[in-house]
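Listed below, chain by chain, are the residues.
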Amino acid sequence: MPDMEAESSTQPEAMEEEEPLFSNLDLFLFTLIAGLIIYWFMSRKKAEPIPEFKQLDQPAPSTRETSFIEKMKKTCELSRLAEIDNSLAIFCMATYGEGDPTDNAQDFYDWLQESDGELNGVNYTVFALGNKTYEHYNAMGAYVDKRLEELGAKRVFDLGMGDDDGNLEEDFVTWREQFWPAMCEHFGVEASGEDSSIRQYELKEHNDINMNKVYTGEFGGLKSFETQKPPFDAKNPFLAPVIVNRKLNKAGNRHLMHLEVDITGSKIRYESGDHVAVYPTNDTAIVNKLGQILGVDLDTVISLNNLDEESNKKHPFPCPTTYRTALTHYLDIIHPPRTNVLYELAQYATDPKDQENMRKMASSAPEGKALYQSFVLEDNRNILAILEDLPSLRPPIDHLCELMPRLQARYYSIASSSKVHPNSIHICAVLVEYTTKTGRLTKGVATTWLKNKLVADNGHKSTVPMYIRKSQFRLPFKASNPVIMIGPGTGIAPFMGFIQERGWLKEQGKEVGETVLYFGCRHKNEDYLYQEDLEEAEKTGVITKLNVAFSRDQEQKVYVQHLLRTNKEDLWRQIHTDNAHIYICGDARNMARDVQTAFYEIAEELGGMTRTQATDYIKKLMTKGRYSQDVWS
């Protein structure tokens, strides 16, 4: 999954808890239910002790027993939610990969599949978060909505469908505005009135603090980057030294790059097809401009402390830290801000017209939606651009930091095999850089950061905070099965690992089936990535057949799907007779769909099927794990 940039239209796993989709009016109910459900998820892992809570048969004299939420955390499972009058569980479910749950929902999903328990009396509703360009659009939200009903729970409001290919937040706001009145009617209560601005955190400045106790970009424990200890994961990434950083394309105005990071001694293990997650940092120039426009000393040491002392989330990001560190390492300042952020910041605009427009953009009125679409999304204004273009808006920087979502990890399909490169991980990416309608040059956060990761920087090794995310994108268990790999552009990444592994298997004397690659780029003499490696692999027989589409080297554009149709007889034999496994990596919006259509047409023509039968045939291949996709949009 190379090149999942901040300005791309979707990143399924980016829909994490820090994204501020909800207004402060929503927080009461969501916080209550989240505390209950998260504890319930964790309590299912019987093999792992839960350090935050006592076991049910152990008294906790230090806990405030008058706290309703604390009692809920200690005693409840989902089935017991019905014991609480007028209770409601709200599930916000994102879909990942091939209709799979996200990591933090895996236990819940497993329980739903295995459970035959009764959820009678449990009230629920579901909001699904997805992207319609993907095959399994909002599959997880739809499954949870249906399964909870099957287990006896009562759906009190219809399933909401958020589409990140359009405007996910607008979908949520529209759903929410129907949800609240319905809930008031269901539970027989009256709405309290207009939304009000309520701060969740309070600012504390540290004028005299030991700087050894200040976070400088770590995600886990303080000084965890100085003393690295496995296991390494999202909360404890490994600082991997960059050992190779080279440009892949020979010409053209783009920058495609190949990086290698060293994982020697880390005990990190990976398989071909896995993803490497990296934590980038924001552009120093943008951070400095934010400090200048808001007139603050970015090196002030601060803490933002949760006003709810019972909340598990004590700070919005690691504290104490400086504004500079927060804006550089922890906060997403590049994505266009969501409407709830604009609503909260509107109070600080001294120009009534600016204040009115900001609140209008946060409304569900058609005029407000259109204004947000044009001013923020189409013009791609990040928070700095909004401050520059609305000179009356100068919010306190601490409130701005409270509202900004967390800067998320970026995921890249690993371009190497651990059988050949056990101590390094390879990354293939393209630099994202473009000019917006307002004339501003926008750079991709992660790819700009990676491009500048020189092997030696002023005598010091450049490092990348990283961890591994496991994938289902796997070579067949039987090496003798043929594989058909389709990956134009940086979609070649996982297939470099596959090719290396198939070559290693041949060296071990294993029987290896046909290994067929379909690659595509613009020009042979410009962006034919890994040309020497691929041609050498074909020459030595590791790649059985190398098919390359150069889309712009002739008057009529040629893409990988055209080559599939050209080789339809071989493909049909490999798939229908020889049990080949098909792998697709790259663009979900156009390429993956066009490739799938090509397979439908081949099945129709050579298999004598109708389109419905061909569609079912390909779907069965997916179900059997013989048609796998690693795509993004």
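Here the structure is a predicted model, which means the values were calculated and not measured.

1. Considerations on the overall build of the protein chain
Reasoning step 1: A count of helices and strands for the protein chain gives 19 helices and 23 strands.
Reasoning step 2: Of all 633 residues assigned to the protein chain, the portion counted as buried reaches 55%.
Reasoning step 3: Look at the contacts in the protein chain between residues 6 or more apart in sequence, and 75% of them connect residues 24 or more apart.
Reasoning step 4: Summing over all exposed atoms, the protein chain offers an accessible surface of approximately 29,100 Å²; the carbon and sulfur share of this is 48%.

2. What about the packing of aromatic side chains?
Reasoning step 1: In this structure the tally under the stated criterion is 24 aromatic pairs.
Reasoning step 2: Relative to Tyr143, the ring of Tyr109 lies with its centre 5.4 Å away and its plane at 65 degrees, an arrangement referred to as edge-to-face. Taken as a pair, Tyr109 in helix 3 (residues 106-114) and Tyr143 in helix 4 (residues 139-150) lie far apart in primary sequence, 34 residues in all.
Reasoning step 3: When its relative accessible area of 18% is taken as the criterion, Tyr109 is described as buried.
Reasoning step 4: Seen in terms of ring centroids, Trp572 and Tyr617 are 5.4 Å apart; in terms of plane orientation they differ by 40 degrees. Their pairing is tilted. Taken together, the positions of Trp572 in helix 17 (residues 568-577) and Tyr617 in helix 19 (residues 611-623) put the pair 45 residues apart, joining distant regions of the chain.
Reasoning step 5: You can call Trp572 buried: its relative accessible area is 12%.
Reasoning step 6: Taken together, the ring pairs in this structure connect Phe127, Phe157, Phe172, Trp175, Phe179 and Trp180 into an aromatic cluster.
Reasoning step 7: Sitting above the plane of the Tyr343 ring, Arg359 keeps its charged end 5.8 Å from the centroid.
Reasoning step 8: For the cation-ring pair, Arg381 lies above Phe375, with the distance from its terminal atom to the ring centre recorded as 3.9 Å.

3. Let's talk about the nonpolar core
Reasoning step 1: Of all hydrophobic cores here, the largest spans 63 residues; its most connected members are Ile486, Ile492, Leu517, Leu534 and Phe599.
Reasoning step 2: Tallying contributions element by element places helix 18 (residues 591-607) first for this core, with 8 residues.
Reasoning step 3: If sequence neighbours within four positions are ignored, Ile486 has contacts with Phe495, Tyr518, Val560, Leu564, Ile582, Tyr583, Ile584, Cys585, Val595 and Phe599.

4. Points about the pairing of strand 7 (residues 238-247)
A regular strand places its side chains on the two faces of the sheet in alternate fashion.
Reasoning step 1: Note: strand 7 against strand 18 (residues 463-469), 4 bridges, orientation antiparallel. Bridging across to strand 18, Pro241 finds its partner in Thr463.

5. Points about the pairing of strand 22 (residues 581-587)
Reasoning step 1: Of all 7 residues in strand 22, 6 are buried; the element is thus mostly enclosed.
Reasoning step 2: Strand direction decides the pairing type here: strand 19 (residues 483-486) and strand 22, joined by 4 bridges, are parallel. The residue bridging Met485 from the neighbouring strand is Tyr583, located in strand 22.
Reasoning step 3: Pairing analysis gives 6 bridges linking strand 22 to strand 23 (residues 627-632), with the strands arranged parallel. Bridged to Ile584 within strand 23 is Gln629.

6. Quick look at unusual backbone geometry
Reasoning step 1: With an omega of 0 degrees, the peptide bond between Pro230 and Pro231 qualifies as cis.
Reasoning step 2: Here Cys319 and Pro320 are connected by a cis peptide whose omega angle stands at 0 degrees.
Reasoning step 3: As for its position among the elements, Pro320 is in the loop between strand 10 (301-306) and strand 11 (321-322).
Reasoning step 4: A positive phi is found at Lys223, a non-glycine position, where the angle reads about 65 degrees.

7. Points about the side chain of Asn282
Reasoning step 1: Here Asn282 shows up in the loop between strand 9 (275-278) and helix 6 (284-294).
Reasoning step 2: Among the polar contacts listed, one links the side chain of Asn282 to the backbone oxygen of Leu327, at a separation of 2.8 Å.
Reasoning step 3: Excluding residues within four positions of it along the chain, Asn282 makes contact with Val287, Leu327, Thr328, Leu331, Ile333, Ile334, Leu407 and Val445.

8. Remarks on the packing of helix 18 against helix 19
Helix-helix packing is characterised by the crossing angle of the two axes and by the distance between the axes.
Reasoning step 1: Across the interface, helix 18 lies against helix 19 with an axial gap of 9 Å and an inter-helix angle of 120 degrees. Judged by the angle between their axes, helix 18 and helix 19 are oblique. Read as a crossing pair, helix 18 and helix 19 show a hand that is right-handed. Note on element contacts: helix 19 touches helix 18 through Arg611, Ala614, Thr615, Ile618 and Met622, opposite Gln596, Phe599, Tyr600, Glu601, Ala603 and Glu604.
Reasoning step 2: The residue makeup of the contact of helix 18 with helix 19, split by class, is 6 nonpolar, 2 polar and 3 charged.

9. Considering the sheet that holds strand 6 (residues 201-205)
Reasoning step 1: Taken in spatial order, the 3 strands make up an open sheet running 6-10-11, and their pairing is antiparallel. Unpaired on one side and paired on the other, strand 6 and strand 11 mark the two borders of the sheet.
Reasoning step 2: The pairing of strand 10 with strand 11 spans 2 bridges and is classified as antiparallel. Across the sheet, residue Ile302 finds its bridge partner in strand 11, namely Thr321.

10. Observations regarding helix 19
Reasoning step 1: With 13 residues, helix 19 should cover 18 Å at 1.5 Å per step; its first-to-last C-alpha distance of 18 Å lies within 8% of that length.
Reasoning step 2: Along helix 19, the residues classified as buried are Ala614, Thr615, Tyr617, Ile618, Leu621 and Met622. Down the axis, helix 19 shows its buried residues gathered within 160 degrees of arc, on one side only. For helix 19, the exposed residues lying more than 90 degrees away from the buried face are Thr612, Lys620 and Thr623.
Reasoning step 3: For helix 19, the elements touching its buried residues are helix 17, strand 22, helix 18 and strand 23.

11. Considerations on the pattern of salt bridges
Reasoning step 1: Following the criterion strictly, the structure yields 30 salt bridges and no others.
Reasoning step 2: As a salt-bridge pair, Glu83 and Arg80 come within 3.1 Å of each other at their nearest N and O atoms.
Reasoning step 3: A residue is classified by how much of its surface remains accessible, and Glu83, at 54% relative accessible area, is exposed.
Reasoning step 4: On the basis of relative accessible area, Arg80 is assigned to the partly exposed category, the value being 35%.
Reasoning step 5: Asp145 is paired through a salt bridge with Arg155; the nearest N and O atoms lie 2.9 Å apart. Of this pair, Asp145 sits in helix 4 while Arg155 sits in strand 4 (residues 154-155), placing them 10 residues apart in sequence.
Reasoning step 6: A residue is classified by how much of its surface remains accessible, and Asp145, at 8% relative accessible area, is buried.

12. What about the packing of helix 9 (residues 352-361) against helix 10 (residues 366-378)?
Reasoning step 1: Remark: helix 9 packs on helix 10, axes separated minimally by 7 Å, with the N-to-C direction vectors making an angle of 105 degrees. For the element pair helix 9 / helix 10, the angle class is roughly perpendicular. For the pair helix 9 and helix 10, contact is made by Asn357, Lys360 and Met361 and by Glu367, Gly368, Leu371, Tyr372, Phe375 and Val376, respectively.
Reasoning step 2: Per-class residue counts for the contact of helix 9 with helix 10 are 5 nonpolar, 2 polar and 2 charged.

Thresholds applied
- Residues numbered from 1 in each chain as written.
- Predicted model: local features only at pLDDT ≥ 70, side-chain atom pairs only at ≥ 80, totals over all residues.
- Heavy atoms only, no water.
- Helix = DSSP H or I, 4+ residues; strand = E, 2+ residues; numbered from the N terminus.
- Buried < 20%, exposed > 50% of the residue type's maximum accessible area, 1.4 Å probe, protein only.
- Contact = heavy atoms within 4.5 Å.
- Areas by Shrake-Rupley, 256 points an atom, 1.4 Å probe, with all protein chains shown as cover.
- Phe/Tyr/Trp six-rings, centres within 6.5 Å; stacked < 30°, edge-to-face > 60°.
- Lys NZ or Arg CZ within 6 Å of the ring centre and 35° of its normal.
- Core = buried A, V, L, I, M, F, W, Y, C linked by side-chain atoms within 4.5 Å.
- Pairing = 2+ DSSP bridges.
- Polar contact = N/O pair within 3.5 Å; in protein donor to acceptor, adjacent residues only side chain to side chain.
- Axes fitted to C-alpha atoms, helices over the stretch in contact; angles between N-to-C directions.
- Parallel < 35°, antiparallel > 145°, perpendicular 65-115°, else oblique.
- Left-handed = near helix turned anticlockwise from the far one by under 90°.
- Nonpolar A, V, L, I, M, F, W, Y, C, P; charged D, E, K, R; others polar.
- Expected span 1.5 Å × (residues − 1).
- Arc of directions from axis to C-beta.
- Salt bridge = Lys/Arg side-chain N within 4 Å of Asp/Glu carboxyl O.

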